[in-house]
Amino acid sequence: MTDTLERPGDSASDARNSDEHVPAHRSSGTSPTPAARPVSEFSTIPEMVDRVAAGALEKASHPLSHFVRSLIGGVFVAFGVLLSLTVATGVSTPGLKSLVMGLAFGMSFVLILVSGVSLITADMAAGLILLLRRQIGVGAYGRFLGLGLVGNLLGTLFFVTVAALAGGPYLAKPFIEQALKVGVAKSGEGTFSAILLAVLCTWFLQTAMFMFFKARNEGTRMAFAFYGPFAFVVGGTQHVIANIGFIGFPWLLHAFHPDAAPATPITWDFGDHGMLRNLATTTLGNFIGGALLVALPFYIVSRLMQRER
């Protein structure tokens, strides 16, 4: 297996062609011509996998562009963090709180997929398809994920830093209590539990991503994209980039406004409430859930379907 990248080619072309409608048959003489078979609203699984791979290969082939896309993707995730904390402020019923947080967070993945920017958990899954197809090597896959992770982290931290510096409504007691409660809960999750919750997160999220690429109708695609983050927030799971926002925001509020924001046990190290500890555990769990439990099975099904033709 080489460590080189193949430029997008037939797979991208096939993905585009699969969206084209089947041309109507021309009638000749008096013989009736069968009507053209209507195009399904959904692609086949091999076509879906081709689309996922084509998008990942285009990103992996342009590392600088991919890094900038990852910065933007991190900002989009932070949008969801701030909005979900805002709408949940003052909601005391647990199920209802999770519902409103999920509804507010849901549009973040829609923004990411529709705009074409990058999210590391999606890169884990899509990049694995490239690796299995031998379109990239192990080293190139590692660099692809490294750029995506760093870009997402920086983008998320930049946005929550701006919000924390702003203070204002984010220093109001109901909001800051909610932000602190969520951040402490996520950072304090036990290692084993955090890994499994992260597995569940990307099991939801990357299933939605693959369904986005399977659908041909734009409305259906956006519905699938919305479902992913909605489900992982409502389910109380752990996402590596979202957690950076949820954990970092209350810490930064106290750092910038120590007189107005309460102290927090959250730290940046590998301690009980350390951000680096949570980053390590959720990254591992997110990889297992998205790459091994979603991308790998779809890749296997795609190969089996192609062999049986």
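Each remark here, short or long, concerns the structure printed above.
Residues numbered from 1 in each chain as written. Predicted model: local features only at pLDDT ≥ 70, side-chain atom pairs only at ≥ 80, totals over all residues. Heavy atoms only, no water.

1. Digging into the overall build of the protein chain
Stage number 1. When helices and strands are counted, the protein chain shows 12 helices and zero strands.
Stage number 2. Listing each helix as α and each strand as β along the protein chain from the N terminus yields α-α-α-α-α-α-α-α-α-α-α-α.
Stage number 3. Put simply, the protein chain has 309 residues, and 48% of those count as buried.
Stage number 4. Of all intrachain contacts in the protein chain linking residues separated by at least 6 positions in sequence, the fraction that spans at least 24 positions is 82%.
Stage number 5. On the protein chain, roughly 14200 Å² of surface is accessible, and the fraction owed to carbon and sulfur atoms is 67%. (Helix = DSSP H or I, 4+ residues; strand = E, 2+ residues; numbered from the N terminus. Buried < 20%, exposed > 50% of the residue type's maximum accessible area, 1.4 Å probe, protein only. Contact = heavy atoms within 4.5 Å. Areas by Shrake-Rupley, 256 points an atom, 1.4 Å probe, with all protein chains shown as cover.)

2. What about a nonpolar patch on the surface?
Stage number 1. On the surface, Leu96, Leu99, Leu103 and Val234 cluster together into a nonpolar patch covering about 310 Å² of accessible area.
Stage number 2. A per-element tally of the nonpolar patch places helix α4 (residues 94-105) first, with three residues.
Stage number 3. For leucine 96, the location among the structural elements is in helix α4.
Stage number 4. Judged by its relative accessible area of 44%, leucine 96 is partly exposed. (Patch = residues over 30% accessible without salt bridge, like charges linked within 9 Å, V, L, I, M, F, W, Y side chains within 5 Å. Salt bridge = Lys/Arg side-chain N within 4 Å of Asp/Glu carboxyl O.)

3. Focus: the side chain of lysine 186
Stage number 1. Take lysine 186: it is sitting in helix α8 (residues 173-187).
Stage number 2. The buried charged residue lysine 186 lacks any salt bridge, with glutamate 189 as its nearest oppositely charged partner at 7.4 Å. (Lys, Arg positive; Asp, Glu negative; His and termini not counted.)

4. Brief notes about the packing of aromatic side chains
The relative placement of two aromatic rings is captured by the distance of their centres and the angle of their planes.
Stage number 1. Under the criterion given, the structure shown has 13 aromatic pairs.
Stage number 2. Ring plane angle 85° and centroid distance 6.4 Å describe the contact between phenylalanine 204 and tyrosine 227, whose orientation is recorded as edge-to-face. Remark: tyrosine 227 occurs in helix α10 (residues 218-234) and phenylalanine 204 occurs in helix α9 (residues 191-214); sequence separation between them is 23 residues.
Stage number 3. Taking the relative accessible area as the measure of exposure, phenylalanine 204 reaches 29% and is therefore partly exposed.
Stage number 4. Look at tyrosine 227 and you get partly exposed, because its relative accessible area is 39%.
Stage number 5. Summarising the aromatic geometry, the rings of tryptophan 251 and tryptophan 268 are spaced 5.0 Å apart at their centres and angled 85° between planes, so their arrangement reads as edge-to-face. Of the two residues, tryptophan 251 sits in helix α11 (residues 240-256) while tryptophan 268 sits in the loop between α11 and α12 (275-307), which places them 17 residues apart along the sequence.
Stage number 6. Overall, tryptophan 251 belongs to the partly exposed group, its relative accessible area being 27%. (Phe/Tyr/Trp six-rings, centres within 6.5 Å; stacked < 30°, edge-to-face > 60°.)

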